[in-house]
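Overview (structure and organization)
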Amino acid sequence: VRAVAFSPDGKVLASASDDKTAKLWDAGTGAALVVAFPPDGKMLASALRDKAVKLWDVGTGAALQTLEGDTVVEILSFSEDGAFTQTNRGVL
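These remarks concern the structure in this document. (Residues numbered from 1 in each chain as written. Predicted model: local features only at pLDDT ≥ 70, side-chain atom pairs only at ≥ 80, totals over all residues. Heavy atoms only, no water.)

Details of the overall build of the chain
- From N to C terminus, the chain includes zero helices and ten strands.
- Computed over the C-alpha atoms, the radius of gyration of the chain is 13 Å, within 12% of the 12 Å expected from 2.2 N^0.38 for a compact globule of 92 residues.
- Principal axes of the C-alpha set define a box for the chain whose edges measure 35 × 30 × 25 Å.
- Scored against the burial criterion, the 92 residues of the chain give a buried share of 24%. (Helix = DSSP H or I, 4+ residues; strand = E, 2+ residues; numbered from the N terminus. Rg over C-alpha atoms; globule rule 2.2 N^0.38 Å. Buried < 20%, exposed > 50% of the residue type's maximum accessible area, 1.4 Å probe, protein only.)

Laid out in structure tokens, this is it:
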């Protein structure tokens with residue numbers, strides 16, 4: 001690990017490593033977060049153990065939307081057109 005930074009609210013830790021990876025971590029539990037970018041790269045989707053998927057504006061870092069659920073998300077990706085997210089609990 002070469003660099004680390006906390007999110008403004010202190011809940012997420014980002015790390016960058018020599019193996020050319022960047023990872024996001026839940027600062028409270030140490031668990032790796034599930035994240036995905038849509039094809040246009042303008043937002044980021046993240047999933048914590050709180051059963052919610054959050055959408056973020058990459059340019060500003062602002063939270064755009066929270067999608068609540070009843071199951072922990074362990075798989076997260078965007079559709080090819082970026083219109084929706086696909087998860088282990090279905091389409092959001």
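There's plenty left to go through after this.
Description of the nonpolar core
- One finds Val34, Ala36, Ala45, Ala47, Val53, Leu55, Leu67, Val73, Leu76 and Phe78 forming the largest nonpolar core, which totals ten residues.
- Counting only elements with at least two residues in this core, the list comes to β4 (34-36), β5 (43-47), β6 (52-57) and β8 (76-78).
- Not counting chain neighbours up to four residues away, the residues in contact with Phe78 comprise Ala36, Phe37, Pro38, Pro39, Met43, Ala45, Leu55, Phe84, Thr85 and Gln86. (Core = buried A, V, L, I, M, F, W, Y, C linked by side-chain atoms within 4.5 Å. Contact = heavy atoms within 4.5 Å.)

Remarks on the sheet that holds strand β7 (residues 63-68)
- Taken together, the four strands give an open sheet; going across it, the order is β4-β5-β6-β7, and neighbouring strands pair in antiparallel fashion. Unpaired on one side and paired on the other, β4 and β7 mark the two borders of the sheet. Going from strand to strand, the sheet's axes swing by 20 degrees on average, the running direction of each strand aside.
- As judged from the five bridges shared by β6 and β7, these two strands associate in the antiparallel manner. Considered in β7, the bridge of Leu55 is made with Gln65. (Pairing = 2+ DSSP bridges. Axes fitted to C-alpha atoms, helices over the stretch in contact; angles between N-to-C directions.)

Observations concerning unusual backbone geometry
- Phi at Lys51 is positive, roughly 75 degrees, even though this residue is not glycine.
- Position of Lys51 among the secondary structure elements: in the loop between β5 and β6.
- According to the relative accessible area criterion, Lys51 is partly exposed, its value standing at 34%.

Brief notes about the environment of Gly30
- Mapped onto the elements, Gly30 comes out in the loop between β3 (22-26) and β4.
- Using a relative accessible area of 46% as the deciding quantity, one classes Gly30 as partly exposed.
- Placed 17 residues apart in sequence, Gly30 and Leu13 show a C-alpha to C-alpha distance of 8.8 Å.

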